[in-house]
Amino acid sequence: MLPSIEQQLIRSGQEHLLHYWDELDSKSKAKLQEQLETIDFDLFRHLVEVMRNREETTAAPEISPCPFTSLDDPTADWDALKQAGEALIRQGKIGVLTVAGGQGTRLGWSGPKGTFPATPVTGKSLFQIIAEQILFASQKYGVKIPWYIMTSVENDQITRSFLLDNNCFGLDRTDIFIFPQGVVPAVDANGKMLLVEKDQIFMNPDGHGGVIAALKSSGALEEMASRGVEQLAYVQVDNPLVKVVDPTFLGLHCSDQSSGEVSSKCVLKSDPDERVGVFCNRGEATSIIEYSDMTSEQTHEMIDGKLAYCCGSIAAHLFSISFIENVANDLPWHVAHKAVQHVDVSTGDTSVSEEPNAYKFERFVFDLLPLASNSIVLQTKREEEFAPIKNAQGNDSAQTSMKLQRERAVTWLRACGVEVPEDAMVEISATTADSIEDLGKIELPTEILAGEIISI
Ligand code: UTP
């Protein structure tokens, strides 16, 4: 073992990780040493402090409703904002950032979630939906729009192969930048790291908020700067209705109403108990609070006959690169108490307790919001932009998402004068149109037949 690592282990009270060292063969020794070399011990000591100082309070969080701008606001000059956004896109100022490192536990899909077949007629994958929107926007605006994808250590290779095997869905591979998110050790109640095997420490991905540090450490920020990209459109991988490149949103974000650092989209919550992050103010700062952290009174509070906390997050944001550069290491860590199977060094047995025994650390991307000086929340139309796939069945499943995707396609086609019977199954490809306006410019059938299954 390298003396420098041994010293770090002593300084951090983690000597137990070498408990089995003498009985390991050379391959296992190399494996453990390699893993230890990747650990940032300064960060680790900070995480232990975070765990020790965590507050387990049941007091109501101090929040108040936050202002938002609605697309229905007739006083705003939406056309001018859209034109301003389009000009920025044409100048190559925008890149797309997708976080795709999640484990997709609820969906239960064996591969990376981005490979999940998500559209109702052609079964296009979640990655393809995003790629085709980027392709369409690149062609429409005559500009390269780079795509930054955060993977995890586990799904990085398979994600790269999936994109290459599918010819990057028409995008130039040099315009795609893939980087894995970081991992961090979990600890027990005594601040000790856990061994999953005698030669392996338990580490977990650092959350979607890990993307901010990973953008910096991977060199992606420098790559963006070299292209002249100034703003990033952040989208999660699992919302097939997401509007990846949205000029109106970009125009608003870069207008004088905002500091141009972070802007976010929300939709009206479908019901007060909908399980989405909720926009609120903490002090003066715009924030997102997890639905599970609000009290029932807050969740159901009404003001003037309207839900006080009505803005549900769809996890679509715009970030300026300069802002991200400045705050890369400022996101707070969240602690979750979970059951982790590990080798108990006092007995040598593997603990398979179902009871929480470990504190895991994660960062959340929405913690960027309060760091911005003037952050805008744009309320957009749920039926146009939100159909997440989170669960294998029931709410927010592929089934509910495909129904919503079909409904939006039907709305667009009918708005363009096409007759669509109730039992027709339709899909509009992201390479065909990104709006009713664009759909209206192409030749469409005058009607779709009863029972027809068609992709346009
Ligand atoms: P979710 O919080 O919905 O998690 O991720 P998930 O991993 O997809 O699904 P569950 O909770 O295990 O069922 C929201 C977005 O954040 C990304 C996901 O890939 C998804 O696009 N994410 C999440 C990361 O990139 N890294 C993470 O550590 C967590």
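In case you missed it, the structure is sitting above this.
The sections below set out a description of the structure shown in this document. (Residues numbered from 1 in each chain as written. Predicted model: local features only at pLDDT ≥ 70, side-chain atom pairs only at ≥ 80, totals over all residues. Heavy atoms only, no water.)

1. Focus: the overall build of the protein chain
Regarding its fold elements, the protein chain presents 14 helices and 22 strands. Relative to the 2.2 N^0.38 estimate, which gives 23 Å for 456 residues, the radius of gyration of the protein chain is 24 Å and therefore close to what a compact globule would have. Judged by the C-alpha coordinates and their principal axes, the protein chain covers about 75 × 55 × 45 Å. A buried classification covers 53% of the 456 residues belonging to the protein chain. If you take every contact in the protein chain between residues at least 6 apart in sequence, the share linking residues at least 24 apart comes to 76%. Distance between charge centroids for the protein chain: 2 Å, based on 38 positive and 67 negative side chains. (Helix = DSSP H or I, 4+ residues; strand = E, 2+ residues; numbered from the N terminus. Rg over C-alpha atoms; globule rule 2.2 N^0.38 Å. Buried < 20%, exposed > 50% of the residue type's maximum accessible area, 1.4 Å probe, protein only. Contact = heavy atoms within 4.5 Å. Lys, Arg positive; Asp, Glu negative; His and termini not counted. Charge placed at Lys NZ, Arg CZ, Asp CG, Glu CD.)

2. Some details on the site of the ligand
Looking at the ligand, there are 17 residues lining it, with Val-99, Thr-105, Arg-106, Gln-181 and Lys-390 nearest. Contacts to the ligand include Gly-104, whose backbone N or O atom sits 2.9 Å from an oxygen atom. Measuring from an oxygen atom of the ligand, one finds a side-chain N or O atom of Thr-105 at 2.6 Å. Residues of the shell around the ligand, tallied by class, amount to five nonpolar, nine polar and three charged. (Near = heavy atom within 4 Å. Polar contact = N/O pair within 3.5 Å; in protein donor to acceptor, adjacent residues only side chain to side chain. Nonpolar A, V, L, I, M, F, W, Y, C, P; charged D, E, K, R; others polar.)

3. As for the pattern of salt bridges
Following the criterion strictly, the structure yields 22 salt bridges and no others. Its salt-bridge partner being Glu-274, residue Arg-382 comes within 2.6 Å of it at the nearest N-O pair. You can see Arg-382 sitting in helix α12 (residues 382–385) and its partner Glu-274 sitting in the loop between β10 (262–268) and β11 (278–282), a full 108 residues away along the chain. A cluster of three or more residues bridged by salt bridges with shared partners is formed by Lys-144, Asp-172, Asp-175, Glu-223 and Arg-227. (Salt bridge = Lys/Arg side-chain N within 4 Å of Asp/Glu carboxyl O.)

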